[in-house]
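An overview of the molecular structure
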Amino acid sequence: MGKAQLLKLPRKFPLPEQTPPVIALAGNPNTGKSTIFNLLTGLKQHTGNWPGKTVLLSSGSYYYQQQEYKLVDLPGTYSLLANSPDEESARDFLCFARPQATVVVADATCLERNLNLILQVLEITSQMIVCVNLLDEAKRKHISLDLKALEVELGVPVVATTASRGRGINRLKEAIKDMAAGRTNVTPRRIIYDEEVEMALQQIQFQMAETLENCQIDRRFLALRLLDGDQTLIRKAADHKNLEDKVWAQSLLK
Amino acid sequence: MGAKLAEMTDPGDDLKVLPADSQTLSDRIVQTIYHEAGLIAGKVVSRNAPSADWDRRLDDILTSRVWGYPVMMLLLGLILWITISGANYPSEVLAVWLFSLEEVFGQALLWAGAPDWLYGFLILGVYRSLAWVVSVMLPPMAIFFPLFTILEDLGYLPRVAYNMDDLFCRAGSCGKQALTMCMGFGCNAAGVIACRIIESPRERLIAILTNNFVPCNGRFPLLITMAVIILGGMVWNHGNITAAAAVVAAVLTGVAVTLAVSYFLSRTLLKGVPSFFTLELPPFRKPAFGQIIVRSIMDRTLFVLSRAVMVAAPAGGIIWVLANISFGDISILGYSAAFLEPFGRLLGMDGIILLAFILGLPANELVIPLMIMGYMATGSLQEIQNLTALKTLLVDQHGWTYMTGICVMLFSLLHFPCATTLLSIHRETKSFKWTLAAFMIPLLTACLVCFMVSHCRV
């Protein structure tokens, strides 16, 4: 584990402003997240070539151009639908700790599957950078990627890396710096669901707007989770300290 | 739909009232996301040629019904054989070197005018135990861990999980359990934490309770040492192959017991039907060899060794004290060992061995050093020229038979998890009851198996 300290989910949100920007590292299992984490922080967390190596949140920090960044390595997951404890902890961190930038590491050899997670993260936060890793392997498998097109489609920065050789890490640091400083223009792609779902979402959001004024979580995402029949998130939101109108959220749960 | 939703958000209503609707809703939400991902991928990704074939062909062999298991056993056997054959020589060199140093330290201490008891405590107690530990444990670990790390980095371990999925389903648990077991080979505490990747709480609990049955870094040295000095020399001429086969057999026994206990649990305490899961087989990757050697030596070999040494040094001192403080004619150590002797005999071992296992609760690495210290303190102190001296100590002076060796290996493989693992189990299950179960189930299994093995005469 090296010097990486294990993080429990912070109980008090949000983090105070004078602390260094928090950068979350998300991605499918086995995409080289831990390698990128090690490259950025210089920590020597053991990386393994198999999914599920990182099940705890581990954190480290690094300096880039005199600015400190705090990096949190989320467990590798295929989705954020909170089917398992690791998915839930990854989702909760993104929702409640609200990192200044979230780097989603994607495997270039199977981008489509990785896009599922990317789109889900995009529903929680638009402060996202896509890091397409394992480009050397994709090349070996004769897969070519149009990353400019990907950037246009998603509306967030895309950085290419080959982390095993340390390629692209500086570009990633640069992208993180810009985003944390609020200099990146994002036009995040929103998934448009079918008519019924969209109508329902609007209705729930409308109710939230009246009652959930100080909720920090993206309302559309919260509504979507409710519609999905998942109450864990709203339950946590209801326990949330900064939430003014707990009553509504709690009554919703019953 | 709109009306229903209004009801749904109404405080008096519950989502569960509309099970059919919410079911189709969440399906539709997921489908939309997948569809969208497909759309984007279609615009971004292009394949110029069919993806490389060789790794698919390799996968066909490694995960085939016929070859999967033989290849698995051969690989493990090969690694252990290399370890055992390679460790002999450096072990001897280390032993000779360390014990020539003992002379130097001893002389220096006596020259400085140290009293006899201090000489005994420091040199015969602390230093000699340390020298034993280092020369016996270091070389095998320095060979075994890098080799195992190479397998890990190649991407072979998930294939093992894939191969074993069927067996685990039959045992009523989840195939992902095999992955957590692979993690357990490194450290059972890590293996227990890795059980978080299992979604179903029932299967997760089974995986947590049985993780201990795979030998961790701390127990491999014991298995290897026992196999080499007790079984390797005793059976026939091909000592190294016998020893490697014995360790493979031990690992297989661990897996078999895992399956048996999982089966038992899923039919009694933790009833349920196994759930399905998807497992991604990662691509084969060329391991970074230089990095592997550095990492596996720093993270694993030195970590295990330093844990052994750090606790072995004070423990060596304490055992020396216990052995030299006497009530009447018998030392405290003698009392405890004599007390445990009948239990030990019942399980095919003796009092000292059992004492070593009990005192080794903080870390499994301690069992060998504690055993050696216990013997050296009660018997005559042994000058070591080479590794056969350890055999002399155990076999000639304390009457070990090959059956003792087998029982020690089995007991080490199956007995209660170390304190760190128990703490992790408590943290993961948040239940004292399950932590106790995680202690008692392996202990009872170990006692039962050792009792049966030692009492069935061939």
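The rules behind these values
- Residues numbered from 1 in each chain as written.
- Chains lettered and ligands numbered in written order.
- Predicted model: local features only at pLDDT ≥ 70, side-chain atom pairs only at ≥ 80, totals over all residues.
- Helix = DSSP H or I, 4+ residues; strand = E, 2+ residues; numbered from the N terminus.
- Buried ≥ 20, exposed ≤ 12 C-beta atoms within 10 Å, placed from the backbone.
- Contact = placed C-beta atoms within 7 Å.
- pLDDT = per-residue confidence, 0-100.
- Core = buried A, V, L, I, M, F, W, Y, C linked by C-beta atoms within 7 Å.
- Axes fitted to C-alpha atoms, helices over the stretch in contact; angles between N-to-C directions.
- Parallel < 35°, antiparallel > 145°, perpendicular 65-115°, else oblique.
- Left-handed = near helix turned anticlockwise from the far one by under 90°.
- Pairing = 2+ DSSP bridges.
- Expected span 1.5 Å × (residues − 1).

Our focus in this paragraph is the overall build of chain B. The number of helices and strands found in chain B is 19 helices and three strands. Taking all 458 residues of chain B together, the buried fraction comes to 45%. Expressed as a percentage of contacts within chain B between residues at least 6 apart in sequence, the contacts between residues at least 24 apart total 72%.

A word on the overall build of chain A. Counting its secondary structure elements, chain A contains 10 helices and eight strands. A buried classification covers 50% of the 254 residues belonging to chain A. The contacts in chain A between residues at least 6 apart in sequence include a share of 65% that link residues at least 24 apart.

With that settled, the discussion passes to the confidence of the model for chain B. All names here are of chain B. Summing up the model confidence of chain B, the mean pLDDT is 78 and the portion of residues at 70 or higher is 84%. Predicted confidence in chain B is weakest over helix α1 (residues 2-9), with a mean pLDDT of 31, and strongest over helix α19 (residues 432-455), with 92. Note on residues 1-23: pLDDT under 50 across the span, and 24 contacts to partners over four residues away in sequence or across chains.

One can find P90(B) in helix α4 (residues 68-111). Between the alpha carbons of P90(B) and V136(B) there is a distance of 9.7 Å; along the sequence they are 46 residues apart.

It is worth spelling out the nonpolar core at this point. Residues and elements named next belong to chain B. In terms of nonpolar packing, the biggest core is built from 112 residues, with V247, L410 and F411 touching the most fellow members. It is helix α5 (residues 116-154) that contributes the most residues to this core, 12 residues altogether. Discounting chain neighbours no more than four positions away, the residues touching F411 are L347, M349, F357, A446 and C450.

This part is about the packing of helix α17 (residues 402-414) of chain B against α19(B). Residue and element names in this part refer to chain B. The contact between α17 and α19 brings their axes to 8 Å, and the two run at 165 degrees. Relative to α19, α17 is oriented roughly antiparallel. The crossing of α17 and α19 is right-handed. In this structure, α17 uses M403, I406, C407, L410, F411 and L414 to contact α19, whose residues at the interface are P442, T445, A446, V449, C450, V453 and S454.

Moving on, we get to the confidence of the model for chain A. Residues and elements named next belong to chain A. The pLDDT averaged across chain A works out to 78; a share of 77% of its residues lies at or above 70. Per-element confidence in chain A ranges from a low mean pLDDT of 40 for helix α10 (residues 246-253) to a high of 94 for strand β6 (residues 128-133). Scored below 50 in pLDDT, residues 241-254 makes 32 contacts in the model with residues more than four places away or belonging to other chains.

Before going further, it helps to spend a moment on the pairing of strand β5 (residues 101-107) of chain A. Residue and element names in this part refer to chain A. For β5, the buried fraction is high: seven of the seven residues fall into the buried class. Burial along β5 is two-sided: A101, V103, V105 and D107 and T102, V104 and A106, pointing in opposite directions, are all buried. Of the strand pairs in this sheet, strand β2 (residues 22-27) and β5 are connected by five bridges, and their pairing is parallel. Directly across from L25, in β5, lies its bridge partner V103. Bridging between β5 and β6 involves six bridges; their strand directions are parallel. Across the sheet, the residue bridging to D107 is N133, located in β6.

On to α17(B), then. All names here are of chain B. Look at α17: 18 Å from first C-alpha to last across 13 residues, which is about the 18 Å you get at 1.5 Å a residue. Counting buried residues along α17, 11 of its 13 residues qualify, which places the element largely inside the surrounding structure. Restricting attention to buried positions, one finds in α17 the residues T404, G405, I406, C407, V408, M409, L410, F411, S412, L413 and L414.

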